[in-house]
Amino acid sequence: MELTAEILAFLIAIAFVSGTIDAMAGGGGLLTIPALMAAGIPPVAALATNKLQSSFGTASACIAYWRGGHIDLRRFAIPAAGAFLGSVAGAFTVQHVDPKFLTAFVPVLLILMALYFLLAPPMSDVDRHARLGRFGLTAVAVVLGFYDGFFGPGAGSFLTTMMVALAGLGLVRAIANAKFLNFATNVAGLLAMIAGGKVLWILGLSMAAANIVGNQIGARLAMRYGGRGVRPLLVLMSVALTVKLLADPANPIWRVLPH
């Protein structure tokens, strides 16, 4: 597949913006996956290439949060392992799904993501009592890991919500430890996609460089200001990209909806 210089520049710019947002609140895939698909890349290849670029970006954010003293490796190592296994299962599953079905399914999930960001309750900055122990958090992490391997957009935000609502962490620590689990799911999904031969390497590595820079900026902004202001932007962007995908008359979803 050949991409024009303009499209490549657009995708690299999207990777930078998504990395900044992803490091602050998660949900960067809401930008990159629809952008890749809008550029004409098949759905599974878009998911695989997104996993490549986001793995590098998430690793960059993890390093920044680790240096800031916000990641608790001892507490969340087992949930991260569960998220890894769930992501492997999800990534292998998506490679056996009809791409036309996936193309139609993406806008539906994006709409659900927008509703989630719009309706979810505010997140506190103060640590609270954890509602789930390590086993319970691991079970939730497996489910979210499967989702991230199968589709991905919004997984970082779901993990952040888990850290706040179930693990009792304040917002910045929740974002940081969610990045740790998200790194595990990204690497797992990427390995499964590599095994399936779905990754577009040149494009993915080009986007990865921009995503790393964005993640570094986003992590520093989150540690200084918190990630609460990003959620309205995610709502707007997910809705805008959903409209863009649905505007394509070739989208298979129009074949199943009543005219």
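See the structure shown above.
Criteria and thresholds
- Residues numbered from 1 in each chain as written.
- Predicted model: local features only at pLDDT ≥ 70, side-chain atom pairs only at ≥ 80, totals over all residues.
- Heavy atoms only, no water.
- Core = buried A, V, L, I, M, F, W, Y, C linked by side-chain atoms within 4.5 Å.
- Buried < 20%, exposed > 50% of the residue type's maximum accessible area, 1.4 Å probe, protein only.
- Helix = DSSP H or I, 4+ residues; strand = E, 2+ residues; numbered from the N terminus.
- Contact = heavy atoms within 4.5 Å.
- Polar contact = N/O pair within 3.5 Å; in protein donor to acceptor, adjacent residues only side chain to side chain.
- 1 Å grid on protein atoms, 1.4 Å probe; cavity = no way out; pocket = protein on both sides within 12 Å on 5 of 7 lines; lining within 4 Å.
- Points joined across faces, edges and corners; volume = space filled by probe spheres on them.

**Focus: the nonpolar core**
Counting 37 residues, the largest nonpolar core has L11, L36 and M193 as its most contacted members. For this core, the secondary-structure elements that each account for two or more residues are α1 (5-25), α2 (29-38), α3 (43-67), α5 (99-119), α6 (134-150), α8 (171-195) and α9 (201-225). Residues within four places of L11 in sequence aside, it is in contact with L3, A35, L36, A39, L203 and M207. Of all hydrophobic cores here, the second largest spans 29 residues; its members include L137, L159, M163 and A222.

**Concerning the side chain of S55**
Inspection of the secondary structure puts S55 in helix α3. Reaching out from S55, the side chain makes a polar contact with the backbone oxygen of K51 at a distance of 2.6 Å. Not counting chain neighbours up to four residues away, the residues in contact with S55 comprise F183, N186, V187 and L190.

**Section: empty space enclosed by the protein**
This structure, assessed with the given rule, holds one cavity of 30 Å³ or more. Computed from the structure, the largest cavity encloses a volume of approximately 160 Å³. Along the wall of the largest cavity there are 22 residues; nearest its centre are D22, G28, G29, N50 and S54. Mapped onto the lining of the largest cavity, the elements with two or more residues apiece are α1, α2, α3, α7 (155-165), α8 and α9. Examining the composition of the lining of the largest cavity, we find that five residues originate from one element, α3, more than from any other.

**Some points on the environment of V126**
Positionally, V126 belongs in the loop between α5 and α6. Take V126: its relative accessible area is 56%, and that puts it in the exposed class. When the C-alpha atoms of V126 and V172 are compared, they prove to be 9.3 Å apart, with 46 residues separating the residues in sequence. The residues contacting V126, other than those within four sequence positions of it, are L169 and G170.

Function cannot be inferred from these measures alone, as they are strictly geometric.
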